[in-house]
Amino acid sequence: MAVKLRLRREGTVKRPHYRIVAADSRSPRDGRFIEAIGHYHPLDQPSTIQVDNERAVHWLRNGALPTAAVEKLLRISGAWEEFKPGDAPARVRGEKQKLSKKARARAAEAAEAAAAPAPAAEEPAAEAPAEEPAEEQA
């Protein structure tokens, strides 16, 4: 039996919360599951993540595959680090997110504009002295 660690949606319309469950990969999203190993409440400020790390690591070591969303939650809770020490760390909450290409271009333009000195009013160039006529030698 292929076991997946995934999110099981609960709650009401537009007010979801999720259980992190170990379930047979063939069962429906909100259907039968083997074991609940945590909760995730995305609408709380900040979002609430509660995971039984011991059970999560147990399922991972026994071949359960996490979905992408559950893997991110396991990284945040620290269970992924127990399972794969030294693997790339999860993003740190509050860390700046990457900017899109347009946003980077706008930021670069703003930085150039700030760095470039304001164009000064052109002053008339000092006139070069007029050449004096050469005296003719007799």
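Here the residue numbering is sequential within each chain, running from 1 through the sequence in written order. Owing to the predicted nature of the model, reporting of local features is limited to residues with pLDDT of at least 70; listing and counting of side-chain atom pairs is limited to 80 or more, with chain, interface and lining totals taken over all residues. Side-chain descriptors were evaluated using all non-hydrogen atoms of the structure, hydrogens and water having been removed beforehand.

## Quick look at the sheet that holds strand S1 (residues 3-12)
Okay, step 1: Read across the sheet, 5 strands follow the order S4-S3-S2-S1-S5 without closing on themselves; strand pairing throughout is mixed. Two strands close off the open sheet at either side, each with one partner strand: strand S4 (48-51) and strand S5 (65-66).
Okay, step 2: The pairing criterion for strands is at least two bridges between them, as found by DSSP. Numbered from the N terminus, helices here are DSSP runs of H or I no shorter than four residues, and strands are runs of E no shorter than two. Bridge analysis of S1 against strand S2 (residues 15-24) gives 10 bridges, and the strand direction is antiparallel. For Arg9, the partnering residue across the bridge sits in S2 and is Tyr18.
Okay, step 3: Contact criterion: two residues are considered in contact whenever any of their non-hydrogen atoms come within 4.5 Å of each other. To get an axis, a line is fitted to the C-alpha atoms, and for a helix only the part in contact is used. The angle between two axes follows their N-to-C directions and goes from 0 to 180 degrees. Sheet strands in contact with helix H1 (residues 53-61) are S1, S2, strand S3 (35-41), S4 and S5, and its direction is about 120° off that of S3.

## Focus: the environment of Tyr40
Okay, step 1: Residue placement: Tyr40 occurs in strand S3.
Okay, step 2: For the pair formed by Tyr40 and Arg19, sequence separation is 21 residues and the distance between their alpha carbons is 6.1 Å.
Okay, step 3: If we skip the residues at most four places from it in the chain, Tyr40 touches His17, Tyr18, Ser47, Thr48, Ile49 and Leu73.

## As for helix H2 (residues 68-77)
Okay, step 1: Buried residues are those whose accessible area, probed at 1.4 Å on protein chains only, stays under 20% of the maximum for their type, while exposed residues exceed 50% and partly exposed ones sit between those limits. Within H2, burial applies to Val70, Leu73 and Leu74. Seen from one end, H2 has its buried residues packed into an arc of 100°, which puts them on one side. Facing away from the buried side of H2 by more than 90 degrees, the exposed set consists of Ala68 and Lys72.
Okay, step 2: Positive backbone phi, at 100°, marks Gly78, one or two positions downstream of H2. Along the arc lie the directions from the helix axis toward the C-beta atoms.

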